[in-house]
Amino acid sequence: MTHGRPRIQSLIFEVTQRCNHACLHCYNVWHGADGAPSDYPRGELDTERTLALLGKALDETACSHVTLTGGEPLLRGDLNAILDYLRGRNLPVTIISNGRLLGETAAVECLDRGVGLFELPLLSHQREVHDRLSGAPGAWDSVLEAMANVRLHHGRFAAAFVATRLNIDHAAEVMKLAFAFGAQAVMFNRFNPGGRGRANLDLLLPTADQVRRALAAADTAAGEYGLPVSCSIPIQPCLVDTTAFPHIGFAYCAAGGARAYYALDPIGNLRPCNHAPQILGNLFEESFADLIAPARMKSFVEAGPAFCAPCARRPDCQGGCKAAAQVCFGSLGDEDPFLKMNREFAKIPE
Amino acid sequence: MPVPRRNFMQLLGISLGSMLLARCQRTGTPEPTFVMCYEAVPYTPMPGTATPTRIAALDRLRLCWLRFDELEQKTADARDNGDDGWEDNPIGAARNAEHRSALDALIIAGRITAAVGDLVQEAFSAAVYHIWRSNVPMTCYEPMMIDYAPAGAASLVRQSDTLAEIAEGATIAPDTLTKVRSALEHDLAYYALTDAEVQALFDQLLKEYQESGKEIPSFEELEFTLTPDVKAAAQFLLDVLTGK
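Values in this document were obtained by computation on a predicted structure and should not be read as measured data.

S.K.: Even after reading the chapter, I still don't get the packing of aromatic side chains, so can you show me in this structure?
M.R.: Scanning the model with the defined rule gives 9 aromatic pairs over all chains in all. Relative to A:Phe250, the ring of A:Phe245 lies with its centre 6.4 Å away and its plane at 45 degrees, an arrangement referred to as tilted. Judged on exposure class, the residue A:Phe245 and its partner A:Phe250 are both buried. On the numbers, 5.6 Å between centres and 25 degrees between planes, the contact of B:Phe68 with B:Phe124 is stacked. Of the two residues, B:Phe68 sits in helix α3 (residues 68–81) while B:Phe124 sits in helix α5 (residues 114–133), which places them 56 residues apart along the sequence. Of the two residues, B:Phe68 and B:Phe124, both sit in the buried class. Aromatic rings pair up to connect B:Trp65, B:Phe68 and B:Phe124 into one cluster. Cation over ring: A:Arg7 sits above B:Trp132, and NZ or CZ is 5.8 Å from the ring centre. Above the face of the A:Phe307 ring, A:Arg343 is positioned so that its terminal group lies 5.7 Å from the ring centre.

S.K.: Can you help me understand unusual backbone geometry in this one?
M.R.: Backbone geometry follows two general trends: most residues other than glycine have a negative phi, and most peptide bonds adopt the trans configuration. Residues and elements named next belong to chain A. Cis geometry is adopted by the peptide bond preceding Gly-71, which originates at Gly-70 and carries an omega value of 15 degrees. Tracing the backbone through its elements, the reader meets Gly-71 in the loop between β4 (66–69) and α2 (79–88). Its identity as a non-glycine residue notwithstanding, Asn-90 has a phi of 60 degrees, on the positive side. Positionally, Asn-90 belongs in the loop between α2 and β5 (93–96).

S.K.: What's the story with empty space enclosed by the protein in this structure? I'm lost.
M.R.: One way to see where empty space is left: roll a probe the size of a water molecule over the atoms. Residue and element names in this part refer to chain A. Enumeration according to the criterion identifies 3 cavities of 30 Å³ or more in this entry. As for the largest cavity, its lining consists of Pro-237, Cys-238, Phe-307, Cys-308, Cys-311, Arg-313, Arg-314, Cys-317, Gly-319, Ile-348 and Pro-349. Split into classes, the residues belonging to the lining of the largest cavity amount to 8 nonpolar, 1 polar and 2 charged.

S.K.: I'm lost on the packing of helix α4 (residues 90–108) of chain B against α5(B) in this one. Help?
M.R.: Residue and element names in this part refer to chain B. Interhelical geometry of α4 versus α5 gives an angle of 160 degrees and a closest axis separation of 10 Å. For the element pair α4 / α5, the angle class is roughly antiparallel. The way α4 lies across α5 gives a crossing that is right-handed. In this structure, α4 contributes Gly-92, Arg-95, Asn-96, His-99, Arg-100, Leu-103 and Ile-107 to the contact, and α5 contributes Ala-114, Gly-117, Asp-118, Val-120, Gln-121, Phe-124, Ser-125 and Val-128. By residue class, the composition of the contact of α4 with α5 is 6 nonpolar, 6 polar and 3 charged.

Rules used throughout
- Here, residues in each chain are numbered from 1, in the same order as that chain's written sequence.
- Throughout, the order in which chains and ligands are written sets their labels, letters from A for the former and numbers from 1 for the latter.
- Residue-level local features of this predicted model are given only where pLDDT is at least 70; pairs of side-chain atoms are given and counted only at 80 or more, and the full residue set underlies all totals for whole chains, interfaces and linings.
- Neither water nor hydrogens contribute to the side-chain values; these are computed over all heavy atoms in the structure.
- Centre distance within 6.5 Å is the pairing criterion for rings of Phe, Tyr and Trp, where only the six-membered ring of Trp is used; planes under 30 degrees apart are then read as stacked, over 60 as edge-to-face, and the remainder as tilted.
- Residue exposure (1.4 Å probe, protein chains only): buried if accessible area is under 20% of the type maximum, exposed if over 50%, otherwise partly exposed.
- Only DSSP runs of H or I with at least four residues qualify as helices, and only runs of E with at least two residues qualify as strands; both kinds are numbered from the N terminus onward.
- Criterion for a charge above a ring: Arg CZ or Lys NZ at most 6 Å from the ring centre, at most 35 degrees from the ring normal.
- Buriedness of a pocket was judged along seven lines, with at least five required to meet protein on both sides within 12 Å; pockets are open sets of points on a 1 Å grid over the protein atoms alone, cavities are sets where a 1.4 Å probe fits but cannot get out, and lining residues have an atom within 4 Å of a point.
- Grid points are joined across faces, edges and corners, and a volume is the space filled by probe spheres set on the points.
- Any residue outside Ala, Val, Leu, Ile, Met, Phe, Trp, Tyr, Cys, Pro, Asp, Glu, Lys and Arg is labelled polar, Gly included; the first ten of those are nonpolar and the last four are charged.
- Lines are fitted to the C-alpha atoms to define the axes, a helix being fitted only along its stretch in contact, and any angle between axes, read from their N-to-C directions, falls within 0 to 180 degrees.
- For classification, angles of less than 35 degrees are called roughly parallel, those exceeding 145 degrees roughly antiparallel, those between 65 and 115 degrees roughly perpendicular, and all remaining angles oblique.
- Crossing handedness follows the turn of the near helix against the far one: under a right angle anticlockwise gives a left-handed crossing, and clockwise gives a right-handed one.
- Residue contacts are defined here by distance: any two heavy atoms, one from each residue, within 4.5 Å place the two residues in contact.

Written out as structure tokens, the structure is:
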């Protein structure tokens, strides 16, 4: 038994596994590569049990922020009850949504309940490209309306651009559109295979050269519009010289550290992050501190590809996304698919 | 919308911390050297991390607030040097402990109540977190760093122009465009006030008070939805930092 309340900067709570889109790049761990469900446990609790689960997570940690995601969180009929509960605990809340159900009424309900930020996808300035990647006709119109609704009622949103082979040349235009709609920031997330997305590896995974070009365009746009841009999915410095893009922030895996963002699924299973299929245990059965104890996180934290052994940046970069390596190649110690695909062009930093 | 009790103290802490980092502080010297707000000042580390306990609690408390530059610099250095443990913000944790210790001494001495002490600690912790957070890189899927400053009028005008340009070439739904334009117009109306217009607004308010024969309200009279403890905590904090 571990005592004390671990400090966690953000808890990612997957309130539902249901979704009304079928994104080609979806990383949700409960989707199998072949379109069928994976063997990941599925389910959803009623409101009372959901709040009990959330309460236990918050009681057992010193948590300073909660992100509600899914699936599509707005499919939960009791989302307002969850938001009311979080507001009662004085916690800032972010919602990651595809925007389809974020009409004006829903936007106002969320904002009135203290949602501080929405993360909404903006995959292209072209309707057909956004809709194709979302696997849902009408997705582009819906998300633009969602952004307008949030903005109209003085809320804040960040536009999330998932860079794939199909849309990577649209980065600059997406930044422009996001700026015009009043985005607070843009997340430039290169496609990170997992869930359904791993079936589309060849179709979607961009080359390092494509990513470099897109980052250059995004960096110029970021400077031009004064719009903060962050790369939330790790981009290995051996593949892309990140120092060449001064307007863009680059992020690496925080799993196991003080800034980890553990993912809690709708039925209480805790994972190192939302990309990782590895279940640490169920929060109904064990304490949060026990679930994230160093011994249990060890295999995740210490894993890394042999290719990265001589690299001076390894402590930061960690080889990229271990979860993607595990999902695609079966081992946390394997190479992140983006690294594996582009390894021949890698220049290991000294 | 009323500001929740905790949020007010956190915002106050962040604001004070940011101001102190910019050296908007009383120097306390008889003939103060003039340090302009926002003027770049070379970093001069404060001595040692351990504050001697023989210093009076009030001074220890004040010192905690005046050492944010050290927290900022050391966090940035640790990050750049790849030092172990910087992610845990050990410097911030030490500062929080020092601040709490000084507050506890003041509570025991009857200078403030425990409730007020907790609120002041809330403000300090928020400032520490904000300064630390502003000096560490982002991590995967972490919430975005949000600029606390509102969008400036120039940026809003640029947004409006860009929206008009996009609207011409794309087939965005008219209702959606109308909503975005309305939001922009609202913000422009709010932020586009010039300094002269802001002054005119203040003058008008002052005139209205004077004409109605009322005194300008004091801090205590302002209709914040704040509890007496919060007001006491905010006032205490301001007194400590201004050396009263």
